[in-house]
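One-letter residues, chain by chain:
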Amino acid sequence: MLFVLQGPSGSGKTTQAAHLAREKKFEKIITATTRPPRAGEIHGRDYYFLDEKTYDARLKKGELLAPTAIHGARYGIPKADLLSIIGSHTRHAVVVLDDRGAEELRAAGAYVIGLRLDEATRHARLVKRREEDRFDKEHFDLQCDATLDASGSEEAVFSELVGIVEKAIRERKK
């Protein structure tokens, strides 16, 4: 089962996806991006960091799904990675996407979980990450399968996320 985490910058979607990826039977689908790596990020583990020319070539060949641009960088999911999960009944994966990519994958059967938080908490998190350039309010119109408040502690949000995921897996098995 494919889970998509979607939400504004600072909502903790990448952190929560990493936590789920460490859970038994969970994988993180690695997204390709043209943005430069942040401190500590590793190519092939956190993202596939591509230059613009390579990104364009892979997109033209149909190798990237759910292409989008956010804050001047482009993102896409390697099709081969995604298809290997979608075709499996024993593997579960998580991917982080914006609303356009999440909508595309939801239409293909993915379960979309929206992480929402108040602007004051979001602002504080972006300051802490030194990403003041992302202060513009982000709007999301996507219909999610589930939504959770991401304003709490990392542990509290993860606990609620696990509950949502476990319920979705149980219901899918019925």
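Thresholds, definitions, all that
- Residues numbered from 1 in each chain as written.
- Predicted model: local features only at pLDDT ≥ 70, side-chain atom pairs only at ≥ 80, totals over all residues.
- Heavy atoms only, no water.
- Salt bridge = Lys/Arg side-chain N within 4 Å of Asp/Glu carboxyl O.
- Helix = DSSP H or I, 4+ residues; strand = E, 2+ residues; numbered from the N terminus.
- Buried < 20%, exposed > 50% of the residue type's maximum accessible area, 1.4 Å probe, protein only.
- Core = buried A, V, L, I, M, F, W, Y, C linked by side-chain atoms within 4.5 Å.
- Contact = heavy atoms within 4.5 Å.
- Pairing = 2+ DSSP bridges.
- Arc of directions from axis to C-beta.

Draft legend 1. Looking closely at the pattern of salt bridges. All told, the structure shown has eight salt bridges when counted by the stated rule. Notably, a salt bridge pairs Arg91 with Glu27, separated by 2.7 Å at the nearest N-O pair. A residue pair is termed long-range when its members are at least 10 positions apart, and Arg91 in the loop between α3 (79-86) and β7 (92-96) and Glu27 in strand β2 (residues 26-28) qualify at 64 residues. You can call Glu27 partly exposed: its relative accessible area is 30%. Where salt bridges share partners, they join Glu52, Asp56 and Arg74 into one cluster.

Draft legend 2. Structural detail: the nonpolar core. Phe3, Leu5, Leu20, Tyr111, Ile113, Leu161 and Val165 are the most contacted members of the largest nonpolar core, which totals 23 residues. Breaking this core down by element, the ones donating at least two residues are β1 (2-6), α1 (13-22), β7, β8 (111-116), β9 (146-149) and α6 (154-173). Here the element with the most residues in this core is α6; it accounts for eight residues. Dropping the residues within four chain positions of it, Leu20 is found in contact with Phe26, Val94, Phe158, Leu161, Val162 and Val165. Membership of the second largest hydrophobic core comes to 16 residues, among which are Leu2, Val4, Ile29 and Ala110.

Draft legend 3. Layout of the pairing of β7. Of all five residues making up β7, five are buried, and the element is well covered by its neighbours. Burial of the side chains of β7 extends over both faces: His92, Val94 and Val96 are buried on one face and Ala93 and Val95 on the other. Summarising the sheet, β1 and β7 pair through four bridges and their orientation is parallel. Looking at the pairing, Val4 lines up with Val95 of β7. Note: β2 against β7, three bridges, orientation parallel. Each bridged residue has a counterpart across the sheet, and for Lys28 the counterpart in β7 is Val94.

Draft legend 4. Expanded view of α1. Within the span of α1, buried status applies to Lys13, Gln16, Ala17, His19 and Leu20. The arc enclosing the buried residues of α1, seen along the axis, measures out at 160 degrees, which places them on a common side. Buried positions along α1 lie against β1, β2, β7, β8 and α6.

Draft legend 5. Representation of the sheet that holds strand β4 (residues 48-49). The mixed open sheet is built from four strands, whose spatial order is β4-β3-β6-β5. What marks the edges here is a single partner per strand, and that holds for β4 and β5 (64-70). When strand β3 (residues 32-33) meets β4, the two strands line up parallel, connected through two bridges. Opposite Ala32, over in β4, you have Tyr48 as the bridge partner.

Draft legend 6. Main features of the pairing of strand β6 (residues 73-78). The buried fraction of β6 is high, at five of six residues. Note: β3 against β6, two bridges, orientation antiparallel. Residue pairing for β6: Ala32 is matched across the bridge by Gly76. Inspection of the sheet shows β5 paired to β6 by five bridges, in the antiparallel sense. Bridged to Leu65 within β6 is Ile77. What sits between the antiparallel neighbours β5 and β6 is a turn of two residues, in which His71 has the positive phi angle 50 degrees.

Fair warning: the whole summary comes from geometry, so function is off the table for now.
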